[in-house]
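Structure assessment
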Amino acid sequence: RTALAGAAQEEDIAGILLLAPPVRNPVKGEGGASHLALYSSTGDLAKRAFSLRTVRQLVGTRRARRVARLVVVNKVRGLFGHGPAEAQRGQGSATDATMGFLEPFRTLAQRRVPMRLVFGDQDMFWTEFQRAAEGRLGQVLARAGAGIDVRTVPGVVRGFTSLRIQELMFEQVVEWVEDLA
């Protein structure tokens, strides 16, 4: 997102490539376990919870108890109309991108600067991007048309934690630069 903000201020920018950018600011303490509890459906959570890998990792740990508590609390809140959406935390609806992302993104789209966004299909930021695309971000994407290319690759891009993801991102960068030339 730092590159996005800087690019919006640069008149001679040829294009911008964003790899798994967050479209909103995380709330303090919101991480993997909190994100799962806040933004996953009950079915998604059940599927993850009962996978052999998850059970092996969580049996008897404090993290397991924390995830279970967050899931129960947030699902109960949802039943009574007090869901965990950003609106509850004063940040707008769950479909909103924060202005720190949206404004420079909109500026570049209006200037017809080519942009490519790449997410892993398992990235938490991909889910957030899809949700934000239902709101104001979607309007920007629709107006920009083919000028904004959104792609997904298998796995988790954020953090570049595997050699395979690093190779995929290198390929994306090379392909994008060649497309611009």
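Throughout this description, residue numbers start from 1 for each chain and increase along the sequence as written. Residues qualify for local features only when their pLDDT is at least 70, as the model is predicted, and side-chain atom pairs are given and counted only at 80 or more; totals for whole chains, interfaces and linings, by contrast, use all residues. Values shown for side chains rest on all heavy atoms present in the structure; no hydrogens or waters enter the calculation.

1. Focus on the overall build of the protein chain
- The way it works is that DSSP assigns letters per residue, a run of H or I at least four long becomes a helix, a run of E at least two long becomes a strand, and they are numbered from the N terminus. Along the protein chain, the regular secondary structure elements total nine helices and three strands.
- Listed N to C, the secondary structure of the protein chain is α-β-α-α-α-α-α-β-α-α-β-α in terms of helices and strands.
- Going through the 181 residues of the protein chain one by one, you find that 36% of them count as buried.
- Contacts in the protein chain between residues far apart in sequence, at least 24 positions, make up 75% of those at least 6 positions apart. Exposure is judged per residue with a 1.4 Å probe applied to protein chains only, and the accessible area is read against the type maximum: over 50% gives exposed, under 20% gives buried, and values in between give partly exposed. The contact criterion used throughout is that any non-hydrogen atoms of two residues lie within 4.5 Å.

2. Focus: the nonpolar core
- We call a set of buried Ala, Val, Leu, Ile, Met, Phe, Trp, Tyr and Cys residues a nonpolar core when their side-chain atoms join them within 4.5 Å. Core analysis: the biggest nonpolar cluster contains 34 residues, and Phe101, Phe105, Leu117 and Leu137 have the highest contact counts within it.
- Looking at this core, the elements that each hand over two or more residues are helix H1 (2–9), strand E1 (16–19), helix H6 (99–110), strand E2 (115–120), helix H7 (124–132), helix H8 (136–144), strand E3 (148–153) and helix H9 (163–180).
- Ranked by residue count, the leading element in this core is H6, at five residues.
- Every residue in contact with Leu137, bar those within four places of it in the chain, is listed here: Val23, Phe101, Leu102, Phe105, Phe129 and Ala132.

3. Considering the side chain of Asp123
- Along the polypeptide, Asp123 turns up in the loop between E2 and H7.
- An unpaired buried charge is present at Asp123: no salt bridge exists, and Arg158, the closest side chain of opposite charge, is 6.8 Å distant.
- At 3.1 Å, the side chain of Asp123 forms a polar contact with the backbone nitrogen of Val157.
- Not counting the four nearest positions on each side in its chain, Asp123 is found in contact with Ala20, Gly155, Val156, Val157 and Arg158. The positive count covers Lys and Arg only, the negative count covers Asp and Glu only, and His and the chain ends enter neither. Salt bridge criterion: a side-chain nitrogen from Lys or Arg within 4 Å of a carboxyl oxygen from Asp or Glu. Any pair of nitrogen or oxygen atoms within 3.5 Å is treated as a polar contact; in protein, a donor-acceptor pairing is required on top of that, and neighbouring residues in sequence qualify only through side-chain atoms on both sides.

4. Quick notes on the sheet that holds E3
- The strand order E1-E2-E3 describes an open sheet built from three strands, whose pairing is parallel. Among the strands making up the open sheet, the edge pair consists of E1 and E3. Mean inter-strand twist for the sheet, computed between neighbouring axes without regard to direction, equals 15°. Whether two strands pair comes down to DSSP finding at least two bridges between them. Whenever a helix is involved, its axis is fitted only over the stretch in contact; in every case the axis is a line through C-alpha atoms, and angles between N-to-C directions fall within 0 to 180 degrees.

5. Regarding the packing of aromatic side chains
- Here is the rule: rings of Phe, Tyr and Trp (six-membered ring for Trp) pair when centre to centre is within 6.5 Å. Planes less than 30 degrees apart are stacked, more than 60 are edge-to-face, and the remainder are tilted. Applying the stated criterion across every chain, the model contains four aromatic pairs.
- Ring plane angle 20° and centroid distance 5.1 Å describe the contact between Phe101 and Phe105, whose orientation is recorded as stacked. Of this pair, Phe101 and Phe105 both sit in helix H6, four residues apart, which is roughly one turn of the helix.
- Between Trp126 and Phe129, the aromatic rings sit 5.9 Å apart at their centres with planes inclined by 15°, giving stacked as the arrangement. Linking Trp126 with Phe129, this pair stays in helix H7, spanning three residues, or about one helical turn.

6. As for the pairing of E2
- Among the six residues in E2, six count as buried, and that is most of the element.
- Inspection of the sheet shows E1 paired to E2 by four bridges, in the parallel sense. Among the inter-strand pairings, Leu19 is bridged to a residue of E2, identified as Val118.
- Note: E2 against E3, six bridges, orientation parallel.

7. Some details on H6
- The terminal C-alpha atoms of H6, which comprises twelve residues, lie 16 Å apart, in line with the 16 Å expected from a rise of 1.5 Å per residue.
- The set of residues buried in H6 consists of Phe101, Leu102, Pro104, Phe105, Arg106, Leu108 and Ala109.
- Residues of H6 that are buried make contact with H1, E1, E2, H8 and E3.
- After H6 finishes, the residue Arg112 shows a positive phi value of roughly 60°. One less than the residue count of a helix, multiplied by 1.5 Å, gives the span that helix is expected to have.

8. Let's talk about the environment of Arg151
- Inspection of the secondary structure puts Arg151 in strand E3.
- Separated by 34 residues in sequence, Arg151 and Leu117 place their C-alpha atoms 6.2 Å apart.
- Sequence-distant contacts of Arg151, that is, excluding residues within four places in its chain, are made with Arg116, Leu117, Val118, Phe119, Gln172 and Glu175.

9. Some points on the packing of H1 against H6
- Put simply, H1 and H6 touch, their axes get as near as 9 Å, and they point 45° apart. As the angle between them shows, H1 and H6 are arranged oblique. Seen from above, H1 lies across H6 with left-handed handedness. Facing Leu4, Ala5, Ala7 and Ala8 of H1, the residues of H6 in contact are Phe101, Pro104, Phe105, Thr107 and Leu108.
- Partitioning the contact of H1 with H6 into residue classes produces eight nonpolar, one polar and no charged. Angles below 35 degrees are treated as roughly parallel, those above 145 as roughly antiparallel, those between 65 and 115 as roughly perpendicular, and all remaining angles as oblique. For any helix crossing, the convention is left-handed if the near helix is rotated counterclockwise from the far helix by under a right angle, and right-handed if that rotation is clockwise. Polarity classes work like this: nonpolar for Ala, Val, Leu, Ile, Met, Phe, Trp, Tyr, Cys and Pro, charged for Asp, Glu, Lys and Arg, and polar for all others, with Gly in that last group.

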